[in-house]
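The primary structure of each chain is shown beneath.
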Amino acid sequence: MSEEHFKHVIAHAKEYGFVFPSSEIYDGLAAVYDYGQNGVELKKNIRDYWWKSMVQLNENIVGLDAAIFMSPSVWKTSGHVDGFNDPMIDNKDSKKRYRADVLLEEHQEKYRKKIQKEIAKASKRFGDDFDLDQFLATNPNVLRNQNKIDHISNEMREGLEQNDLERIRQLIIDEGIACPISGSKNWTEVRQFNLMYSTQMSATDGESEIYLRPETAQGIFVNYLNVQKTGRMRLPFGIAQTGKAFRNEIVARQFIMRMKEFEQMEMQFFVAPGDEMKWYEHWKAQRLQWHLNLGIDPERYRYHDHTKLAHYANAAVDIEYEFPFGFKEVEGIHSRTDFDLGQHQESTGKKIQYFDSERNESYVPYVVETSIGLDRMFLVLLSNSLKTEEVEGGTRTVLSLPPALAPFQCAILPLVKKDGLPEMARKIMDDLKFDFSCYYEEKDSIGKRYRRQDAIGTPVCITVDHESLENNDVTVRFRDSMEQKRVKIEELSTIVSIEVSMKELLKNL
Ligand code: GAP
């Protein structure tokens, strides 16, 4: 997938009402986006697919919708006030600010590209005899570049772990990293910036500082007792939540990949101490399957185990997707131990424990978390589905979304705007709209209307023509195959429901 393709995705998202820059008529707001008429439907369907797979299909997972505002003490206790930071560095000439770790990661990418070039050259030279493993283990250029990559990873990990920011700066200088804007290597020191937004909340005794949540997870932790008791939940059980999170990301990049306001879909799974690794492996496999079930090429997915673990975790892995700018995290699975509940227990003095009748003991449950960014998943689907295809008489742009997630499930199109065809099409629409999201359109030639539906990913088009009036049948056209067939009107509901079935999607999980 090329940079060109990514530009096409961004342009398409705007042109077809999926994603708009926020406050665009005021020249936009960096790293903030709005979802348009088609985007909001796709986003809702991805959320539904996640929610159903979690809450509806698992008897022991229940939902929650906690408020965005929470007591500021929550964020002190969770470690976010003191530790939710990014290391930033400024270039003194361009006055641009960068994330120091991102500058280094991008620099590593240059070494990776050099390795890829060596591989391409050698595989061309040796043809069928090319042995990739042997080449990677012995070629001096590859080894030199790999050593560089490893050296940066090690230095970065140790520097960040020990909060030795001078070491990070030195690494940037030693690697000769220049500012992409000014080209200069004139860097400030590295400083930590907290990512949480805060605002003021009025109360009778004055104003207090309050944070916009940077993750939805804490809303689940502080409601653990409420849900466990009122739902009479037995371990292991999970609490799922979707909702907005806010982070003051200084470096706005890559469209909806890194935003200041975004949506998370998180599930905290509470387990007995000692069982967490079993459940960690379970959710790691389940979550990848959820992605692959959408028909996305498995080659585009990989696991990335964390070598540097957050203070609360004893294991963590990212599910990464290969975007045009490389493999990037879409979802994280974290074994969070008893850290969060334990901290809240200590901080509030309230007993946050579970009585395990089998073990005959009380303990603070351990947690395995699955956390996926809805916007990133949206970008995965757009990038993966947008295609330009050669067709008879030219090309077509088609968004081959999983049919169950498409913004509109069917489009109803009277061939002409007269002779009673619109009336008949409306009648069909008035029946189907209770079960499916339907798009009605009567303007332009039928060919143009098919192309527009292809471009927004509508899996089924239903065309009403003059014969329909006589025979009570219509033409059904399928998005991906472009196959057309004649069917009776009373069959439509069944045909569309088979084509766009969320049930079939969920059954494959
Ligand atoms: N509760 C754990 C947690 O928040 P995280 O890795 O910081 O973990 C989870 O975030 C997911 O949220 C990421 O995998 C990513 O998909 C999404 N995410 C994080 N920051 C984001 C941002 N600035 N813009 C869009 N999505 C983001």
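Model, not experiment: these values are computed from the prediction.

Caption draft 1: Main features of the domain arrangement of the chain. When cut into domains, the chain gives domain 1 (1-75 + 195-398), domain 2 (85-194) and domain 3 (402-507). For domain 1 and domain 3, the distance between their C-alpha centres works out to 34 Å. The partner domain 3 presents 17 residues to the 21 residues of domain 1 that form the contact. Summing the contributions of domain 1 and of domain 3, the shared interface buries around 1,700 Å²; its carbon and sulfur component is 68%. Our enumeration of links across domain 1 and domain 3 arrives at one salt bridge. Between R396 and D454 there is a salt bridge whose closest N-O contact spans 3.0 Å.

Caption draft 2: Summary view of helix α13 (residues 374-385). Its 12 residues place the ends of α13 16 Å apart at the C-alpha level, agreeing with the 16 Å of an ideal helix rising 1.5 Å per residue. For α13, the tally of buried residues reaches 11 of 12 residues, placing the bulk of the element in the interior.

Caption draft 3: Here's a closer look at the pairing of strand β13 (residues 326-337). Summarising burial for β13: nine of the 12 residues are buried, a large majority. For strand β12 (residues 315-323) and β13, the ladder comprises nine bridges, and the chain directions are antiparallel. The residue of β13 that forms the bridge with Y321 is K328. What sits between β12 and β13 in their antiparallel hairpin is a turn of two residues. Taken together, the six bridges between β13 and strand β16 (residues 366-373) define a ladder with antiparallel strand orientation. Each bridged residue has a counterpart across the sheet, and for H334 the counterpart in β16 is E369.

Caption draft 4: Structural context of the sheet that holds β12. Within the open sheet, the seven strands sit side by side as β3-β9-β10-β16-β13-β12-β11. Their pairing is mixed. This sheet does not close on itself; its edge strands, each paired only once, are β3 (61-63) and β11 (301-305). Each strand of the sheet is rotated relative to its neighbour by a mean of 25 degrees, with strand direction disregarded. α13 rests against β10 (261-271), β11, β12, β13 and β16 of the sheet, and its axis sits at about 35 degrees to β12.

Parameters at a glance
Residues numbered from 1 in each chain as written. Predicted model: local features only at pLDDT ≥ 70, side-chain atom pairs only at ≥ 80, totals over all residues. Heavy atoms only, no water. Domains from an automatic or database assignment. Contact = heavy atoms within 4.5 Å. Buried area = accessible area lost by both parts, 1.4 Å probe. Salt bridge = Lys/Arg side-chain N within 4 Å of Asp/Glu carboxyl O. Helix = DSSP H or I, 4+ residues; strand = E, 2+ residues; numbered from the N terminus. Expected span 1.5 Å × (residues − 1). Buried < 20%, exposed > 50% of the residue type's maximum accessible area, 1.4 Å probe, protein only. Pairing = 2+ DSSP bridges. Axes fitted to C-alpha atoms, helices over the stretch in contact; angles between N-to-C directions.

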